[in-house]
Amino acid sequence: MSSRTVRRVVFASLGVLTMAISACSINTGGPANNNTQAAAGKPANANVPSWCGSKQISLALADGFGDNNWRKVTVGEAKAEIAKCPSVTSFSYTDGQGNTQKAISDIQGLVAKGTTAMVVFPDAGQAVLPALRSAFKAGVVTVPYRVSPGGTAGQDYDYYISTDFKQAGVLWANWLVKVLNGKGNVLNLGGPPANSQSLAEYQGMQSVLKNYPNIKFVGTTPYEVTNWDAATTQQVVTAALAKYPKIDAITTDFGAALDSAFPAFAQAGRQVPAIATEDANQLACDWQTQKAAGKGFQLFTVSSQNAMSRLAVDFAVAKASGGVIPKSTVFPQSAFEDSVSGQPHPVTCDKSLPPDAFVSSTLSQAQQIAALK
Amino acid sequence: MSDTAKGSLMPDTSDPTPVVQSGSDGPEARAWTGRASRGLVTIIIATVALFVVSLVVQPESLSRSSIQGMLPFAAVLAIIALGQTLVIQQGGIDLSVPGTVSLSVIIVTHYPNGNSGKLLPAILLAYAAALAAGLLTGWFVSRLGMSAIVTTLGTNALLYAAVLGISGGSPTSTTSAMHTIATGQFLGVSHAVYFAVVITAVVGFLIKRSVAGRRFEAVGANPAAADLVGLRVRRHQLGAYVWASLLYCTAGILLGGIVTTPGAFQGDSQLLPSVAAVVLGGTSLLGGKGSPVASAVAALFLSQLDQFVLTLGVNPAASNIVQALALAAGVAVYTVNWTALRGWLRRRGSVRDVLRT
């Protein structure tokens, strides 16, 4: 057996799997982005958003990986945003298919094609930095988002649009304090070992929970490794239920995988505890099913942030077309559903959307169904 | 290894692994039926030992809910390991496990899309796809003599393309009927376990106790000799890939029922454990004799090991080490020449005695 081949398969598969997880991308804590100097641009006319300048441009979205529900909806959001600005005369999309080499040559190809501006999802992180830099140096407006490519804004690319996963942890923890009345055991599930997103979320929770010594983490900290895989999640939860007689809440950055673990609770004769996670239509619908079956549980979600691509598009278009550059490069984490307070939204299962849709997406139902096709 | 060919159809002396010493079968051995192969005995002892250790160190890992959570996954792995055993017995290795399992999962979840009425056609479609994949791989390997690694890797890529084409990479929940079929319980044990036990018994019986099975092993042990005695070597090799593919498909369908929201690449994590189960079960990676039952028991061993380590709650690095050590110990049983080692230790001991006097 060629171990190299096997290893390649495993790595490729792991890569694909990792990508397949919706909002779960790795943020290695990119450079501080203060490149939000006062914008000199102005909108093309009164009927378009301020970021849409008058200069005609071509825009591209270079995705490091495109084949999962999260990416598809996110690209749908980007397209809907672009449609608002008539100055963007052409749009192209490339899918790196989880292959770093392809992602790099996609970026180079777009530069060679004469694209004016490009939004990049740099899945491979640092590995695509040289390609971004050469695009930037060639005068293409380059805006990476969500995964830090390293480097510095203004030197290697124009802007880096980031989000703070710690903030998600803070939101979860604040809700936990409320719903647990300051006392209880919490099981935290995360992705692959040592991924910065799960780690940041844990740190965010810690920053709040350190003031509540009666709320304790059970199981492995910072998080139980699930690799964002439904089967592994099920096994991890089964083990945790066997080991800890009392689990009052579960936090996880992949809620849709967690509902595969619901049968494990039934098997153990236990109630599903309070859950804090990211929104997923599947989970919301299962929440309703469980509630209807008399096994209701408390649920809190943060937005899956599909609209983040819109902010990246705004920056790229504004810079290239001479529009007003938006204020902040940070896309905020926001609460989405809360079964206790119903604020900002009650748990929302949209039966007209497929289970892999995101109710928190700003796309219309029809747009999202089209995006997921 | 002097008894390698004793009472065996196979004039095979080229196989250097001691596994073939098991000598449980063949005309002579058949007289004392019921004697298990060395691989089977070893893995059963190891599994019992693991359960004892689990009981002592981490009794929660043997709680009812824990066992009920673990067994369905063990059943899936066991069925996959049976298929892998067949291929490895023919001197091959099947890297298309992830593709076949994932495609089966995707077909039985995406095609019915929650509608249990469409489940049966979906299952038939999954089997048809697996059959096609098995025939393709088997044809390339047996007729064109292509290397199994390359061919199955290629098939896997094709299957992944199909997975992406159908699913777009996103998960769909399983139908309620499939969930019941896989995880519904009879006498407190989930259906998936019964599937695995029955399939293991059938495959084990066919390989070890039927004429066709004897031929199959003979072809795997020494294709050239088998060809000389008039066995259809290529047909047996082709058969191994086809049956294996159908077994993976069965496992995939069950997995689709067990994991209620299976991801698009749910088969990914099954490849290495399937090979590990075959090796732990004592089947030589060079082909020839093998014990399907031992592979299935090894699947149980690996699944319980997983569950045990998970329940221990050690960090992921340590859990990888524990699993690696268990595997190394399992492989060492077959590959280390224990007689020579004992002799060497004895010699050293006597040298020390001599020095001391």
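Q: Would you explain the overall build of chain A in this entry?
A: If you tally the helices and strands in chain A, you get twelve helices and eleven strands. Expressed as a percentage of the 373 residues in chain A, the buried residues total 60%. Summarising the internal contacts of chain A: among those between residues at least 6 apart in sequence, 77% fall at separations of at least 24.

Q: Sorry if this is basic, but what is going on with the nonpolar core here?
A: Note that soluble globular proteins tend to have their nonpolar side chains buried in a common cluster. In terms of nonpolar packing, the biggest core is built from 208 residues, with Ala316 and Val317 of chain A touching the most fellow members. Of the residues forming this core, the biggest block, 15 residues, is contributed by helix H3 (residues 64-89) of chain B. Sequence-distant contacts of Ala316 of chain A, defined by excluding residues within four places in its chain, comprise Leu59, Ala117, Met118, Val119, Val141 and Val143 of chain A.

Q: I keep staring at the pairing of strand S1 (residues 57-63) of chain A and nothing clicks. Help me out?
A: Two faces belong to every sheet, and in a regular strand the side chains alternate between them. Residue and element names in this part refer to chain A. Judged by how many residues are buried, S1 sits mostly within the fold: six of seven residues are covered. In this structure, S1 lies alongside strand S2 (residues 88-95), joined through seven bridges in parallel fashion. Residue pairing across strands places Ile57 opposite Val88, the latter belonging to S2. With helix H2 (residues 69-82) bridging S1 and its parallel neighbour S2, the resulting β-α-β unit is right-handed.

Q: What is the right way to look at the interface of chain B and chain A in this model?
A: Many descriptions give the size of an interface as the accessible area lost when the pieces come together. On the side of chain A, 40 residues touch chain B, which itself brings 41 residues to the contact. When residues of the side of chain B that touches chain A are assigned to their parent elements, the largest contribution, five residues, is made by H3 of chain B. Considering only residue class, the side of chain B that touches chain A consists of 17 nonpolar, 21 polar and three charged.

Q: Even after reading the chapter, I still don't get the confidence of the model for chain A, so can you show me in this structure?
A: Low pLDDT marks regions whose predicted coordinates should not be analysed in detail. Mean pLDDT for chain A: 85, with 89% of residues reaching 70 or above. Counting interchain partners and residues more than four positions distant, the pLDDT-below-50 stretch residues 15-39 of chain A has 80 contacts.

Reading the values: rules and limits
Residues numbered from 1 in each chain as written. Chains lettered and ligands numbered in written order. Predicted model: local features only at pLDDT ≥ 70, side-chain atom pairs only at ≥ 80, totals over all residues. Helix = DSSP H or I, 4+ residues; strand = E, 2+ residues; numbered from the N terminus. Buried ≥ 20, exposed ≤ 12 C-beta atoms within 10 Å, placed from the backbone. Contact = placed C-beta atoms within 7 Å. Core = buried A, V, L, I, M, F, W, Y, C linked by C-beta atoms within 7 Å. Pairing = 2+ DSSP bridges. Right-handed = clockwise from strand over helix to strand, strands pointing away. Nonpolar A, V, L, I, M, F, W, Y, C, P; charged D, E, K, R; others polar. pLDDT = per-residue confidence, 0-100.

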